[in-house]
Amino acid sequence: MTHMLEQFALTYRDDEIEVHRAIAALDERRDGEPVTRVTLLVTDPTAETWDVGRVRDLRHALGHRAAELGLPPVSLTLVPESEAQVVEAFAQ
Amino acid sequence: MAHYPIEADKLLAAASLLVPASPGRGRPSYTAHRRGVSTAYYAVFHAITERVVRQAFPNADSLFRDGVRRWISHTDVKTVATWLGKLVGTLPGGPPPHIAALLAPTGVPSVDADTLAIADGFLELHEKREQADYDHQAVFTRPDTLGLLELARQTVAAVEAAESDESGLLFGLIAMQARVQPR
């Protein structure tokens, strides 16, 4: 199911945040609660960072899609293209 | 007794020192990003605990209020914030039926945007603080980290400005979750 969440992330449309690549993986938090870790390679922000509200909307959309797919809650990480090298899967 | 209150604005300032908007040559280390996110989370947590005890004990002095603030746990805030998120649908699922009956007796939830932003901002920063402090695989890029610091600033501002009935319910329910501690 994680690959379907990745596909959803790739089709997400926002004027400011363009998703180029997506990785979704199941994990556990420290307290043992399951979590879906979603890491997105996105266009660099035009300012220092992306708009807080737009990121919130993206996070909520991923959370709802994850729930529809039977996946645990989403923890979202955004990686700008200029820092792609910090994530091994994006560095290739 | 010495009294050195933990203040949200000072924590936000410390977070900004760790992750400055204009870093100069090079970029801050990812360790600094982790500490910045953790510090920003604590700014939000302590802003909320300050409002909770001020609402519960409006006539108490600051020494008393700061004494009982530490009885409020991270889980107390997370529990109530999650109820709100589930009630209005920003989080999947629903709150426990008895909580839904309390907060939305007509079946139609009505929570103002600022109160929702407080609950949502807390939950996001709580999650990121856990990663920042304990997850060796977690990545904190510069724009993502600056976004989390901005989220913390906006959330603290919303906490400090909150005057709605719904924000009163949020703070009151957090107070009800807390337990008296030995100290």
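Everything quoted here is computed from the prediction, not taken from an experiment.

Right, let's talk about the interface of chain B and chain A for a bit. Each side of the interface is counted separately: chain B has 18 residues, and chain A has 22 residues. At the level of elements, helix H6 (113-134) and helix H7 (142-161) of chain B are the ones that each hand at least two residues to the side of chain B that touches chain A. Take the side of chain B that touches chain A: its biggest share by element is 8 residues, from H7(B).

Time to look at the pairing of strand E1 (residues 19-28) of chain A. Regular strands have side chains that alternate between both faces of the sheet. All names here are of chain A. Here E1 runs beside strand E2 (residues 34-42); their pairing, made up of 9 bridges, is antiparallel. Each residue of the ladder has a partner; that of Arg-21, found in E2, is Leu-41. Between E1 and E2, which pair antiparallel in sequence order, lie 5 residues; one of them, Gly-32, sits at a positive phi of approximately 90°.

All right, on to the packing of helix H2 (residues 30-56) of chain B against H6(B) then. Residue and element names in this part refer to chain B. Look at H2 against H6: their axes get within 8 Å of each other, and the N-to-C directions meet at 140°. Between H2 and H6, the angle falls in the class oblique. Viewed along their axes, H2 and H6 form a crossing whose handedness is left-handed. Where H2 abuts H6, its residues Arg-34, Val-37, Ser-38, Ala-40, Tyr-41, Val-44 and Ile-48 lie against Gly-121, Phe-122, Leu-125, His-126, Lys-128, Arg-129, Ala-132 and Asp-133. Partitioning the contact of H2 with H6 into residue classes produces 8 nonpolar, 3 polar and 4 charged.

The rules behind the values
- Residues numbered from 1 in each chain as written.
- Chains lettered and ligands numbered in written order.
- Predicted model: local features only at pLDDT ≥ 70, side-chain atom pairs only at ≥ 80, totals over all residues.
- Contact = placed C-beta atoms within 7 Å.
- Helix = DSSP H or I, 4+ residues; strand = E, 2+ residues; numbered from the N terminus.
- Pairing = 2+ DSSP bridges.
- Axes fitted to C-alpha atoms, helices over the stretch in contact; angles between N-to-C directions.
- Parallel < 35°, antiparallel > 145°, perpendicular 65-115°, else oblique.
- Left-handed = near helix turned anticlockwise from the far one by under 90°.
- Nonpolar A, V, L, I, M, F, W, Y, C, P; charged D, E, K, R; others polar.

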